[in-house]
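The lines below spell out each chain.
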Amino acid sequence: MVGASSLQPRMISSFVGDRLVQSRQPLSQLFNYNPGCKHVSMQSSRTFSGLTNLLFNRRCNLEEVPNSKRKRLRPGKISPRRLVPNHIQRPPYVKTRMAPGIASGHEVHDLKGIECMRASGRLAAQVLNYAGTLVKPGITTDEIDQAVHQMIIDNGAYPSPLGYGGFPKSVCTSVNECICHGIPDSCPLEDGDIINIDVTVYLNGYHGDTSATFFCGDVDEEASNLVKVTKECLDKAISICAPGVEFKKIGKTIQQISLWCCPAICWPWGWTGFSR
């Protein structure tokens, strides 16, 4: 059994209304990155260093993904930060450039707050659906970012990732072996890619956050099965959510499905996030 003290992630974050606790851990400490370097290596606790190496660092030394037509990711050029009209409300962390921490305690929202949560979640879902229609071979993730950014501000909301701990873009686009929080750039999607698009909007003081993984062209069986099992885990976990249900039951539900359907990719706990 792993002790609780060894399960301390290096970054904590939470989008919960306007009640945020500052985390003084700069994001630069999460990654081994030097300006001008082609690659970014992720740092993690010793407990999960093997997982990080398997899923990210080791693959950086390969030109192609084993048993797949996909080539490993290479960083592209990142375009300048996109502008947001002055009249649109900003999250508190935009000015500080510090990633917020976990909320300080339980929050019970009134009817107005709940309706605001629904509105931000609804907009996020609409933006995500639109972003998914853009996925095709040849489009760059920066072009997806541009379209997402424009739709969000056109609806009077702020793209939450922009400025979050210094994040330079308005959406996260994670292609193939990039697990999460990929930075949109000039690299075009290729036939056979899978891409997770993570949309978060800030509307009327509340964040709506959602993501999904999309197929780009003809995807191989391994990638298709990964997405299928992940979606099954999500749907089942949502179905058991109810007042009084402990958070750990959600994780247990996901783990059980993962072990049954795809034991090779199931890990009991972990967190990652790195740029493309």
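Here, the structure is the one placed above.
Now for a description of the structure that goes with this document. Please read these numbers as outputs of a predicted model, since none were measured by experiment. (Residues numbered from 1 in each chain as written. Predicted model: local features only at pLDDT ≥ 70, side-chain atom pairs only at ≥ 80, totals over all residues. Heavy atoms only, no water.)

**Some words on helix α5 (residues 221-239)**
Every α-helix winds through 3.6 residues per turn, so residues three or four apart in the chain are directed the same way. Here is the rule we go by: Helix and strand labels come from DSSP, where a helix needs a run of H or I of at least four residues and a strand needs a run of E of at least two; each type is numbered from the N terminus. Working rule for helices: expected span equals 1.5 Å times residues minus one. Only protein chains enter the accessibility calculation, which uses a 1.4 Å probe. A residue is then buried if its area is under 20% of the maximum for its type, exposed if over 50%, and partly exposed in between. As used here, the arc belongs to the directions running from the helix axis to the C-beta atoms. Under the rule applied, a polar contact is a pair of N or O atoms within 3.5 Å (in protein, one hydrogen donor and one hydrogen acceptor; residues adjacent in sequence only if both atoms are side-chain atoms).
Along its 19 residues, α5 runs 27 Å from first to last C-alpha, staying within 8% of the 27 Å computed at 1.5 Å per residue. Taken residue by residue, α5 has A223, V227, V229, C233 and A237 as its buried positions. One side of α5 holds all its buried residues, which, seen down the axis, span an arc of 165°. Those residues of α5 that are exposed and angled more than 90 degrees off the buried face are E221 and S239. Measuring from the backbone nitrogen of E222 back to the side-chain oxygen at the start of α5 gives 3.3 Å, which picks out D220 as the cap.

**Here's the deal with the pattern of salt bridges**
Operational definition: Salt-bridge detection follows one rule: a side-chain nitrogen of Lys or Arg within 4 Å of a carboxyl oxygen of Asp or Glu.
Counted under the stated rule, the structure contains seven salt bridges. For K231, the salt bridge identified is with D235, shortest N-O distance 2.9 Å. Pair noted here: K231 and D235 are both in helix α5, with a separation of four residues, about one helical turn. Taking the relative accessible area as the measure of exposure, K231 reaches 45% and is therefore partly exposed. Owing to a relative accessible area of 38%, D235 belongs among the partly exposed residues under this scheme. The salt bridge partner of K248 is E246, with a shortest N-O separation of 3.7 Å. A single salt-bridge network, built from bridges that share partners, covers R82, D142, D145 and K169.

Spatial relationships are all this shows, so hold off on functional conclusions.
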